[in-house]
Amino acid sequence: MSGVSTVPPEVEALIGEVQYEEAGEFPVERGYVWTSCASVENGNPLFWDDAVAQELTDGPIAPPTTLSVWFRPHHWSPGRTEQPLPLRVHFDLKEIFGLPEAVMTDNTIVFHEPVRPGDVLRTRQILRSVSEPKTTKLGSGRFWVIDVEYLNQRDELVGVETYTGFGYRREAGA
């Protein structure tokens, strides 16, 4: 049926809507910046030398590639009653469509304002699209695109991660 969407209305209603806005559990801190840089032998003076950081970016910043690090929850936190689930929109779609398997087929990050020590980030997830049913070598399912927006405590956009996922069901006998 060409031109007729098989995306359920309740899913269509979620497209473009902000979901799961959450604050990070800890502020960005220099020690973690240095530990992250040391772990990959990143000697860029921008992250190690305050004079260089002041000249280039008006003060210390975190490496842009650590953007998602500042929101990854600790395994345990006092008072938390349930384990946090990252990228919850993705898991919601798997459940809604009854698709037990999934892979991320693409991930891009666009950086905006720099992340600085002391910043407390928050994220929000926005479903951008859901495909009609598709069949690939993995099985039959749907593709979806989800943006994760990162904002600092001043409501400045610091980055957007865009994920393309494919939720699927393996073909019988595969």
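*Asks:* Outline the pairing of strand β3 (residues 122-130), listing residues and values.
*Replies:* Note: strand β1 (residues 18-23) against β3, four bridges, orientation antiparallel. The residue bridging A23 from the neighbouring strand is R122, located in β3. With eight bridges joining them, β3 and strand β5 (residues 140-151) adopt antiparallel strand pairing. Each bridged residue has a counterpart across the sheet, and for T123 the counterpart in β5 is Y150.

*Asks:* Account for the side chain of S131, with residues named and values stated.
*Replies:* Along the chain, the position of S131 falls in the loop between β3 and β4 (134-135). Residue S131 is classed as buried on the basis of its relative accessible area, which comes to 15%. Excluding anything up to four places from it in sequence, S131 contacts V7, R142 and F143.

*Asks:* Pulling in residues and values, what's your account of the environment of T164?
*Replies:* Among the secondary structure elements, T164 is positioned in strand β6 (residues 157-169). Given the relative accessible area of 16%, T164 is considered buried. With near-sequence residues (within four places) excluded, T164 lies in contact with V103, M104, T105, D106, F143, W144 and V145.

*Asks:* Could you give an account of the packing of aromatic side chains, with specific residues and numbers?
*Replies:* By the definition in use, this model includes five aromatic pairs. Between W34 and W48, the ring centres sit 6.4 Å apart and the planes meet at 15 degrees, which makes this aromatic pair stacked. Placement of the pair is W34 in helix α2 (residues 30-39) and W48 in helix α3 (residues 45-48), with a sequence separation of 14 residues. Residue classification places W48 among the partly exposed positions, given a relative accessible area of 39%. Where F166 meets Y168, the ring centres are 5.5 Å apart and the plane angle is 10 degrees; that geometry is what we call stacked. By relative accessible area, which is 4% here, Y168 ends up buried. Aromatic ring contacts, followed pair by pair, group F143, F166 and Y168 into a single cluster.

The rules behind each value
Residues numbered from 1 in each chain as written. Predicted model: local features only at pLDDT ≥ 70, side-chain atom pairs only at ≥ 80, totals over all residues. Heavy atoms only, no water. Pairing = 2+ DSSP bridges. Helix = DSSP H or I, 4+ residues; strand = E, 2+ residues; numbered from the N terminus. Buried < 20%, exposed > 50% of the residue type's maximum accessible area, 1.4 Å probe, protein only. Contact = heavy atoms within 4.5 Å. Phe/Tyr/Trp six-rings, centres within 6.5 Å; stacked < 30°, edge-to-face > 60°.

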